[in-house]
Amino acid sequence: QQQVKQSPQSLIVQKGGISIINCAYENTAFDYFPWYQQFPGKGPALLIAIRPDVSEKKEGRFTISFNKSAKQFSLHIMDSQPGDSATYFCAARQPGTYKYIFGTGTRLKVLA
Amino acid sequence: GAGVSQSPSNKVTEKGKDVELRCDPISGHTALYWYRQRLGQGLEFLIYFQGNSAPDKSGLPSDRFSAERTGESVSTLTIQRTQQEDSAVYLCASSLATEQYFGPGTRLTVT
């Protein structure tokens, strides 16, 4: 009930391609869905986030698509660049708290 | 301003020893989190502090783990009688609202 399932575990994309990472959840009460980017040796940094009353949010090359009925959300990275190579985590916030459940991460490699 | 800082950045300890990890949150952030990140895994919630409220300790894996926070400032995570399975990166994050700001983590290796 409290899990957030993330896929794929790893992803290789050519420069200029689209990277897509998916997350699925069970608890329909989750109220906030952030995506984090983590480079080796660094802590995760917030990339983009969405609330469940919105179906899509775009910030530059990064877009979150949110499907409330399917209980899924995904991160799309357009025109992927080698500098985007990192590990990406989705997360979901438990309602009425500041407690987050994280996905297991996707290691993205963008080939030059 | 400065971000979240953690010390030490790396810690190697022998099995059975106690370790103390430190987190300095962003000034003014009322919420502070500790997470554990095992190699190749996601972030595992350990404990959450919010202002002067009682901390949410529901993620602490055993009674060997404890954490303290003085007001809205520094926090320390203590692991007693360390075990090899405690080897991980321990991340601290602080928050004023929804966005969490993470520190660089402390890599703990128990030999």
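Residues numbered from 1 in each chain as written. Chains lettered and ligands numbered in written order. Predicted model: local features only at pLDDT ≥ 70, side-chain atom pairs only at ≥ 80, totals over all residues. Heavy atoms only, no water.

**Brief notes about the interface of chain B and chain A**
Facing 20 residues of chain B, the contacting portion of chain A comprises 17 residues. The contact between chain B and chain A buries some 1,500 Å² in all, and 55% of this surface belongs to carbon and sulfur atoms. It is Leu43(B), Thr98(B) and Phe102(B) in chain B that bury the most area against chain A; as a group they hold 31% of the surface buried on that side. At the surface where chain B touches chain A, the tally comes to 1 salt bridge. Close ionic contact of Asp56(B) with Lys99(A) constitutes a salt bridge, the shortest N to O distance being 3.8 Å. On the surface where chain B and chain A come into contact, there are 4 residue pairs in polar contact (both at pLDDT 80 or more). For the side of chain B that touches chain A, the secondary structure elements donating two or more residues are strand S4 (31-37), strand S5 (43-50) and strand S9 (100-102) of chain B. Of all the elements, S5(B) adds the most residues to the side of chain B that touches chain A, at 4 residues. When its residues are assigned to classes, the side of chain B that touches chain A shows 9 nonpolar, 9 polar and 2 charged. (Contact = heavy atoms within 4.5 Å. Buried area = accessible area lost by both parts, 1.4 Å probe. Salt bridge = Lys/Arg side-chain N within 4 Å of Asp/Glu carboxyl O. Polar contact = N/O pair within 3.5 Å; in protein donor to acceptor, adjacent residues only side chain to side chain. Helix = DSSP H or I, 4+ residues; strand = E, 2+ residues; numbered from the N terminus. Nonpolar A, V, L, I, M, F, W, Y, C, P; charged D, E, K, R; others polar.)

**A few points about the nonpolar core**
All names here are of chain A. Counting residues in hydrophobic clusters, the biggest one holds 25 residues, and the most contacted among them are Phe33, Trp35, Phe73, Leu75 and Tyr88. For this core, the secondary-structure elements that each account for two or more residues are strand S2 (10-14), strand S3 (19-25), strand S4 (33-38), strand S5 (45-50), strand S7 (62-67), strand S8 (72-77), strand S9 (86-93) and strand S11 (106-111). At 4 residues, the largest contribution of residues to this core is made by S9. Not counting residues within four places of it along the chain, the set of residues in contact with Tyr88 comprises Gln6, Ile21, Tyr36, Gln37, Leu47, Leu75, Ile77, Gly105, Thr106 and Leu108. (Core = buried A, V, L, I, M, F, W, Y, C linked by side-chain atoms within 4.5 Å. Buried < 20%, exposed > 50% of the residue type's maximum accessible area, 1.4 Å probe, protein only.)

**Looking at the pattern of salt bridges**
Residue and element names in this part refer to chain A. For the structure shown, the criterion picks out 8 salt bridges over all chains. Residue Lys57 is joined to Glu59 by a salt bridge in which the shortest nitrogen-to-oxygen separation is 3.6 Å. On the basis of relative accessible area, Lys57 is assigned to the partly exposed category, the value being 33%.

**Here we look at the sheet that holds strand S6 (residues 65-69) of chain B**
All names here are of chain B. With antiparallel pairing, the 4 strands of this open sheet are ordered in space as S1-S3-S7-S6. Looking along the sheet, the strands with just one partner apiece sit at the ends: strand S1 (5-7) and S6. On average, adjacent strands in this sheet sit at an angle of 15 degrees to one another, irrespective of strand direction. With 3 bridges connecting them, S1 and strand S3 (residues 19-24) associate as antiparallel partners. Looking across to S3, one finds that Ser5 is bridged to Asp24. (Pairing = 2+ DSSP bridges. Axes fitted to C-alpha atoms, helices over the stretch in contact; angles between N-to-C directions.)

**Description of the side chain of Thr13(B)**
Residues and elements named next belong to chain B. Checked against the element boundaries, Thr13 lands in strand S2 (residues 10-13). Looking at Thr13, the relative accessible area reads 7%, which means it is buried. What Thr13 contacts, discounting residues up to four positions off in sequence, is Val19, Thr82, Leu108, Thr109, Val110 and Thr111.

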